[in-house]
Amino acid sequence: MAKLYGLGVGPGDSELVTLKAVRLMKECDVIAIPGENPEESVAYKIALGACPEIADKEQLLVTTPMTKDKTILENGYKAAAEKIEALLKEGKDVALLTLGDPTIYSTYIYIHRIVKSDGFDTEIISGVPSFCAVSAKLGDSLVDRDQQLHVIPASYQIEESLELSGTKILMKAASKFGVVKEILVEKDSKAAMIENCGMPEERIYHSLDEFPDKASYYTIVTIKE
């Protein structure tokens, strides 16, 4: 029976793509790529660096809407799932690439759930989470001993979350970065940030004083007590 694989390709450095992900990219019949153009897909560029063979594979472009409207989102996920299911019915294994890890704020998981509920075989392949790679780049741990770790989607309300003890990770911070920065300054937070971790455009900011006024889409902020 053909299977859908959700392949986490990590945060940006092709050398962080797992051996298992590379093996499955080589074995799968179809590489599903998020976006409208492979050349503009960050996930595809990362995967290509780790497994050049995918350039010669059958490819499926998977587009989903960028909105918080649940109805529009659900329709987009269903349309993507239908395309994948058509290939699975042909007996083709499909590897859908996704940044970071497929279980952390990933569009993939919504498609995965639909395909799985429709009776098809599915499997999630872990990737290196972006915030783990960011912590490594900053040269320190995320948490020590009994500290708590909180992963927070910064595109929503974050004020209450910032009151939590331990280390806070702000993901998807770019769309409201001005507000996020203002809140962090008001709280005199001990924060660091990396844009485009592991990519050629990588930028590291070790303190709030260094933070720019705007941030790119692939931005992770870490806040320590």
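Residues numbered from 1 in each chain as written. Predicted model: local features only at pLDDT ≥ 70, side-chain atom pairs only at ≥ 80, totals over all residues. Heavy atoms only, no water.

Undergrad: Sorry if this is basic, but what is going on with the sheet that holds strand β1 (residues 3-8) here?
TA: Two strands in a sheet stick together by hydrogen bonds in their backbones, pointing the same way (parallel) or opposite ways (antiparallel). Across the sheet, which stays open at both edges, the 5 strands sit in the order β3-β2-β4-β1-β5 with parallel pairing between neighbours. The open sheet is flanked by β3 (58-62) and β5 (121-125), the only strands paired with a single partner. Averaged over all pairs of adjacent strands, the angle between their axes in this sheet comes to 20°, without regard to strand direction. Sheet topology note: the strand β2 (residues 30-34)/β3 ladder contains 5 bridges and is parallel. (Pairing = 2+ DSSP bridges. Helix = DSSP H or I, 4+ residues; strand = E, 2+ residues; numbered from the N terminus. Axes fitted to C-alpha atoms, helices over the stretch in contact; angles between N-to-C directions.)

Undergrad: Looking at this structure, how should I read the packing of aromatic side chains?
TA: To describe a pair of aromatic rings, you give the distance between the ring centres and the angle between the ring planes. Scanning the model with the defined rule gives 4 aromatic pairs in all. Ring geometry for Tyr77 and Tyr110: centres 4.9 Å apart, planes at 10°, overall stacked. Of the two residues, Tyr77 is situated in helix α3 (residues 70-89) and Tyr110 in helix α4 (residues 108-117); the sequence distance between them amounts to 33 residues. Residues Tyr205 and Phe211 carry aromatic rings whose centres are separated by 6.5 Å and whose planes lie at 70° to one another, so their mutual orientation is edge-to-face. (Phe/Tyr/Trp six-rings, centres within 6.5 Å; stacked < 30°, edge-to-face > 60°.)

Undergrad: Looking at this structure, how should I read the pattern of salt bridges?
TA: Any two side chains of opposite charge can pair if their charged atoms end up close together. Under the definition given, this model contains 11 salt bridges. A salt bridge links Lys3 to Asp121; its shortest N-O distance comes to 4.0 Å. Placement of the pair is Lys3 in strand β1 and Asp121 in strand β5, with a sequence separation of 118 residues. Residue class for Asp121 comes out partly exposed when judged on its relative accessible area of 31%. Between Lys224 and Asp140 there is a salt bridge; the shortest N-O distance is 3.6 Å. Remark: Asp140 occurs in the loop between α5 (130-138) and β6 (149-153) and Lys224 occurs in strand β10 (residues 219-224); sequence separation between them is 84 residues. (Salt bridge = Lys/Arg side-chain N within 4 Å of Asp/Glu carboxyl O. Buried < 20%, exposed > 50% of the residue type's maximum accessible area, 1.4 Å probe, protein only.)

Undergrad: Even after reading the chapter, I still don't get the state of the cysteines, so can you show me in this structure?
TA: The bond known as a disulfide is covalent and runs between the sulfur atoms of two cysteines. Applying the stated rule across the entire model yields 0 disulfides. Unpaired in terms of disulfides, Cys51 finds its nearest cysteine sulfur in Cys28, a separation of 10 Å. Owing to a relative accessible area of 0%, Cys51 belongs among the buried residues under this scheme. (Disulfide = S-S within 2.5 Å.)

Undergrad: In this structure, what is going on with α3? I would like to understand it.
TA: Every α-helical turn comprises 3.6 residues, leaving residues that sit three or four positions apart pointing alike. The end-to-end C-alpha distance of α3 is 28 Å, a good match for the 28 Å that 20 residues give at a rise of 1.5 Å each. Every buried residue of α3 is accounted for by Leu73, Gly76, Tyr77, Ala80, Ala81, Ile84, Glu85, Leu87 and Leu88. Buried residues belonging to α3 abut β1, β2, β3, β4 (94-98) and α4. The N-cap residue of α3 is Asp69: its side-chain oxygen and the backbone nitrogen of Thr71 are 3.0 Å apart. Positive backbone phi, approximately 85°, marks Gly91, located one or two places after α3. (Expected span 1.5 Å × (residues − 1). Contact = heavy atoms within 4.5 Å. Polar contact = N/O pair within 3.5 Å; in protein donor to acceptor, adjacent residues only side chain to side chain.)

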